[in-house]
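Structure assessment
Each chain, written out:
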Amino acid sequence: MAKGDNIVRLVHMGKTFHTDSGDVKALDDINLDIKEGSIQGIIGLSGAGKSTLVRCINYLEVPTSGQVLFEGQSLGDMTDAEVREARKKMGMIFQQFNLLDQRNLLKNVTFPLEISGISGKIAKDRAMELLRLVGLEDRVKNYPAQLSGGQKQRVAIARALATNPKVLLCDEATSALDPKTTAQILDLLKKINKELGVTVIVITHQMSVIEAICDSVAIIDHSHIAESGPVSEIFANPKTDIGRKLILGNGDINETPITFGDSTKKKIRIVFDGLSAYKPVISEMTLACKVPVNILFANTREVEGKAVGQMVVELPDDHTEADQITGYLRDNEITFEEVR
Amino acid sequence: MDASSISMYLEETWATIYMTLISSAISYMIGIPLGVILVVTDKDGIAPCRPVHTVLGVFINIFRSIPFLILLVMVLPITKFMVHTTLGPKAIIPPLIFASAPYIGRMVESSLKEVNAGVIEAAKSMGATNWQIIYKVLLPEARPSLLVGAAICITTILSYSAMAGFVGGGGLGAIALNYGYYRYQTDIMMISVIILVILVQIIQEFWMRLARATDKRARN
């Protein structure tokens, strides 16, 4: 399979749970193609169905309708043994790390190899190689209880990579970590994607995680994919309410949405890509137009050496003055959109 | 205390230890599979099977609700068939197994249920079979809890074995019964009770230490 082909395809996939209090539709008509070698983000509020979605990809949850295709083959058509073989090509890491407490780090990493029937020196050498990759080669004899959260997740990543998987599923892998450790783990995932060519699928509720490492993103809302596409496009021009909420919510959708000042005035959201963020856009704009604007919200950060971010400004009541500003932005090819 | 009574205590202490260890070993060989089946076939287990889970649960509860002394008498024909005698330490082993295997099954079940469901899910995500999950995840991860359970189970079996005296089973319980109860020789009864207490202390302490020493969860 060539790089760029779809390694995972979800086709009209749905999942309904049958509970005592009736049927619960967790996922409905999910269509998503994930390219080999990419980092795909899946974001949504808690309860949106994203954890169920990731578990359908490796059939820990069996979808009740539609298909899951891995390397072009439908998991639904496979025998139990074939599904287990497919799982060996898909590593998975979790929010709570899920390491084996009674095994040391080395034995944790050799665990998936034991399951695949690989033991002895080959397994040990492979585990050591991976523990070096995640920077824990001097802790091999330690037990999980002796590690910090970030270190545990590193071991979990090493373990998930032991069988040379093509896909790494990350279920809220950084949600239990502090911001600094989160950044380190995200860097590691990016490195694994670049150096080993592993397709990474990231489930998160934090927009900052998506911005930091993902190429594409799918936004899940109420069991559906609300919108999906390249991160830069979605970020610049979200088409749905949930998309706007996730992006404007300062990257963390658990925060209360911001109410932007006087609701009668016209407001615009200016999106900074790598280029415009280094220019004093607002200063130049006010100087050029001789019109003051009120900055309501701003949020910029560095992603891969490029500054990205957004700013919400309130335009003057006067229509001519407001048009002057939007005209200036258009002329300078700065992405913006009107917000309410 | 004369030489003959010392040798009597030694002999009956050994009989007690013998009955307890043999019964415990065999009961665990039956109890571990019982506990595993209960956990695996439970509705959130790795191979849910309601009929098996329910039938086994009822079966275990029936055995657990029969008082040991009654069970001892009830299984006498089976005892005779298995060990060809209804007297002596050997004869107490079958009823001890009937009483303790279901009890151990329940203890094992509760230990295995303590294993974090996330770890089982992680093993599944690696393509582990149910057998691999049982012997590479469930049992090793539950080891400290299983050992604590073993301390409780073995001391319970020891105290059950003391009832062997009622069916001519020998052991320290028999001394206490024959000398203390039938002949009013309270001192002899007290000595055998003290030996029983010491045995329980030793077993309890040994297994608890073993559980702590092999638990990797909280050692920095």
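Quantities reported herein were computed from a predicted structural model and do not represent experimental measurements.

Reading the values: rules and limits
- Residues numbered from 1 in each chain as written.
- Chains lettered and ligands numbered in written order.
- Predicted model: local features only at pLDDT ≥ 70, side-chain atom pairs only at ≥ 80, totals over all residues.
- Helix = DSSP H or I, 4+ residues; strand = E, 2+ residues; numbered from the N terminus.
- Buried ≥ 20, exposed ≤ 12 C-beta atoms within 10 Å, placed from the backbone.
- Domains from an automatic or database assignment.
- Nonpolar A, V, L, I, M, F, W, Y, C, P; charged D, E, K, R; others polar.
- Axes fitted to C-alpha atoms, helices over the stretch in contact; angles between N-to-C directions.
- Parallel < 35°, antiparallel > 145°, perpendicular 65-115°, else oblique.
- Left-handed = near helix turned anticlockwise from the far one by under 90°.
- Contact = placed C-beta atoms within 7 Å.

The backbone phi angle of Phe97 of chain A is positive, close to 65°, even though this residue is not glycine. Following the sequence through the fold, Phe97 of chain A ends up in the loop between strand S6 (90-94) and helix H3 (105-115). For Phe97 of chain A, a count of 25 C-beta atoms within 10 Å translates into the label buried. The phi dihedral of His84 of chain B is positive, around 60°, even though this residue is not glycine. Structurally, His84 of chain B is set in the loop between helix H4 (76-83) and helix H5 (88-113).

In this section: the domain arrangement of chain A. All names here are of chain A. Each domain of chain A was delimited in the assignment, giving domain 1 (36-58 + 81-240) and domain 2 (267-339). For domain 1 and domain 2, the distance between their C-alpha centroids amounts to 37 Å. For the side of domain 1 that touches domain 2, the secondary-structure elements that each account for two or more residues are helix H7 (207-213) and helix H8 (231-236). Taken together, the residues of the side of domain 1 that touches domain 2 sort by class into 3 nonpolar, 1 polar and 1 charged.

Residues and elements named next belong to chain A. Between helix H10 (residues 281-289) and helix H11 (residues 319-331), whose axes approach to 10 Å, the crossing angle comes to 130°. Here H10 lies oblique to H11, going by the angle between them. Along this stretch, H10 crosses H11, giving a crossing that reads as right-handed. Residue-level contacts link Met285, Ala288 and Cys289 of H10 to Gln324, Ile325 and Tyr328 of H11. By residue class, the composition of the contact of H10 with H11 is 5 nonpolar, 1 polar and no charged.

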